[in-house]
Amino acid sequence: MLRQIISIGARSVSQVKNLKITSHKVPQFHLQQCVRLFCDKLENAAPITDKSTDAEREKRLKVLELEVEMCRQEGRRVPDHIKPSQWEEILQLDSRTARYKHYDFLFINEKKAESAKLKKKRRSEEMAEKFAQIRAEKEANEHIVYGLHNNTFFLRIYDTTIDRWHNHRLINAMQFAPKLVIDCTYDKHMTRMEARNCAKQLKFVFADNRLNEDPFDLHFCGVNFEADTMKFFEKHIPNVREPSFPLNLHEESYLEHFPRSKLVYLTPHCQNTLEKFNPDDVYIIGAMVDKKNNEPLSLAKAKGQGLRMAKLPLDHYLDWGFGGKSLTLDQMLKIMLELKNTGDWNKAFKHVPRRKLVDPHQRESGKPQSVKLEKFKDFRFNAETWGAKKFTQHSEKRLNRALENKKNTPRKLLSLQNIFAEEK
């Protein structure tokens, strides 16, 4: 395989750089040179997108296979097996450094999976020996033994029974509970990594709502299983498309399932504040992770559709610290669940991470109100170098000495006439 890939790379490089290579048995030095030239060409090429043709994708994939083999020969950390989905992620990386980091990431995950597999096998062997010993003790004992894994009058509750109980609660919520809509139409505004993070948050949304005593009737609207978010979401929950699964999935918009007068879009960019929970309204949460794209997309969408908008009263109930006021999807769901069940904003905002708030003890003591400020509190800005250095007692003495020397030394003032006179 390696020789075939290298021969392909060598022939391609010879065509590009006019190298005269007549045999597949290329010396090691020339081989590495060919690989370097071909990878430099790959570095200048544009990354693969949805508009790329199959020929371009196949050509770039062969080059990446050549690069992986070259990294393996150089001793870099490269995984032994790369899945087709992982190749799709590698194809979208536009720099060699990003690809090397991703190879290292895949290598670490592969070794972790191998280690977990070995631990699982070792654990199963230990459990088999333990049960064999217990079985031998039971056969040697003539009396009845009571306890766990022995004779008992308690019924065992299996995990499947607990799952049916939670699913029954969700089915009951579909009939009587308030509706909550998750808008899944923001895939084109997210990167692949953000879509992966969004899918994980959607999994937590379903799990937290399922474990609550009084859950919402969740509706995922605008679902597209060809998009990255729902592909990752289906990996987390493989049976999500089954008809018996207790989750409402709609490919259509929420405007086709609910009356426009009852819809309220929750967005942090609007000016209207949500004062209390109304069970007759249908609240909408946008399924988007905006680490790079901070545009008010949900506000624009709600305005364009003529929907009511509201934001959470974070400033009224919380002493917000540094950073953005965006919350994850599972945090929003927990806040809405607590608000629906209790109607108390103070209890609902307990689900906001404490790291985003100002510590009251630091505010009362006059200390810096942020972890970043606490870390850099001993640094002083230097206007001459436009930098910051740690400020200690020695640096204070050094600064005072420099100021004294600066005052004592006379400054020579130059005028334009003196400068012109020196040039003449």
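Scroll up a little and you will see the structure.
Residue positions are given per chain, counted from 1 along the sequence in the order it is written. Totals for whole chains, interfaces and linings use all residues, but because this is a predicted model, local features are given only for residues with pLDDT of at least 70 and pairs of side-chain atoms are given and counted only at 80 or more. Water and hydrogen atoms were dropped before computing side-chain values, which therefore reflect all heavy atoms in the structure.

Draft legend 1. Just empty space enclosed by the protein, in detail. A pocket, in this scheme, is an open set of points on a 1 Å grid over the protein atoms alone with protein on both sides within 12 Å along at least 5 of 7 lines, while a cavity is a set where a 1.4 Å probe fits but cannot get out; residues line either one if an atom lies within 4 Å of a point. Grid points are joined across faces, edges and corners, and a volume is the space filled by probe spheres set on the points. Summed over all chains, the structure comprises one cavity of 30 Å³ or more. In terms of lining, the largest cavity is formed by L170, M174, F206, N209, F216, D217, L218, P246, L247 and N248. Elements are defined by DSSP. Helices are runs of H or I of four residues or more, strands are runs of E of two residues or more, and each kind is numbered from the N terminus. Elements with a minimum of two residues in the lining of the largest cavity: helix 6 (159-176), helix 7 (192-211) and strand 2 (217-221).

Draft legend 2. Summary view of the layout of surface pockets. Within this model, the largest pocket holds a volume of roughly 910 Å³. Lining the largest pocket are 34 residues, with P268, D290, K325, S326 and L327 positioned closest to its centre. Counting residues per element, the ones that place at least two in the lining of the largest pocket are helix 7, strand 5 (282-286), helix 9 (297-305), helix 10 (314-317) and helix 11 (329-342). Gly is placed with the polar residues, together with every amino acid not listed as nonpolar (Ala, Val, Leu, Ile, Met, Phe, Trp, Tyr, Cys and Pro) or charged (Asp, Glu, Lys and Arg). Taken together, the residues that form the lining of the largest pocket break down as 13 nonpolar, 13 polar and eight charged.

Draft legend 3. The sheet that holds strand 4 (residues 263-266), seen in detail. One bridge is not enough; two strands pair if DSSP finds at least two bridges between them. Strands sit in the order 3-2-1-5-4-6 across an open sheet of six strands; the sheet is parallel. Looking at strand neighbours, the two that pair on one side only are strand 3 (248-250) and strand 6 (308-310), the edges of this open sheet. For this sheet the average axis-to-axis angle between neighbouring strands, irrespective of direction, equals 30°. To get an axis, fit a line to the C-alpha atoms, keeping to the stretch in contact for a helix; angles then go from 0 to 180 degrees between the N-to-C directions.

Draft legend 4. Up close: helix 11. Given the number of residues in a helix, its expected span is that number minus one, multiplied by 1.5 Å. Spanning 14 residues, helix 11 covers 20 Å between terminal C-alpha atoms, matching the ideal 20 Å at 1.5 Å per step. The classification of residues rests on relative accessible area computed with a 1.4 Å probe and restricted to protein chains. Under 20% of the type maximum is buried, over 50% is exposed, and intermediate values are partly exposed. Among the 14 residues of helix 11, ten are classified as buried, and the element is accordingly described as predominantly covered. Listed in full, the buried residues belonging to helix 11 are L329, D330, Q331, M332, L333, I335, M336, L337, L339 and K340. Residues count as neighbours in contact if any of their non-hydrogen atoms are within 4.5 Å of one another. Among the structural elements, strand 1 (179-183), helix 7, strand 2, strand 4, strand 5 and helix 12 (345-348) are those in contact with the buried residues of helix 11. Downstream of helix 11 by a residue or two, G343 has a phi angle that is positive, lying close to 75°.

Draft legend 5. View of the pairing of strand 4. Burial along strand 4 is two-sided: L263 and Y265 and V264 and L266, pointing in opposite directions, are all buried. When strand 4 meets strand 5, the two strands line up parallel, connected through four bridges. Bridging from a neighbouring strand, V264 pairs with Y283 of strand 5. The pairing of strand 4 with strand 6 spans three bridges and is parallel. Directly across from V264, in strand 6, lies its bridge partner R308.

Draft legend 6. Broad picture of helix 7. Over its 20 residues, helix 7 extends 29 Å from the first C-alpha to the last, a length consistent with the 28 Å expected when each residue adds 1.5 Å. Within helix 7, burial applies to R192, E194, A195, C198, A199, Q201, L202, V205, F206, N209 and R210. Where the residues of helix 7 are buried, they touch helix 4 (84-91), helix 6, strand 1, strand 2, helix 8 (228-236) and helix 11.

By themselves, these figures tell us nothing about what the structure is for.
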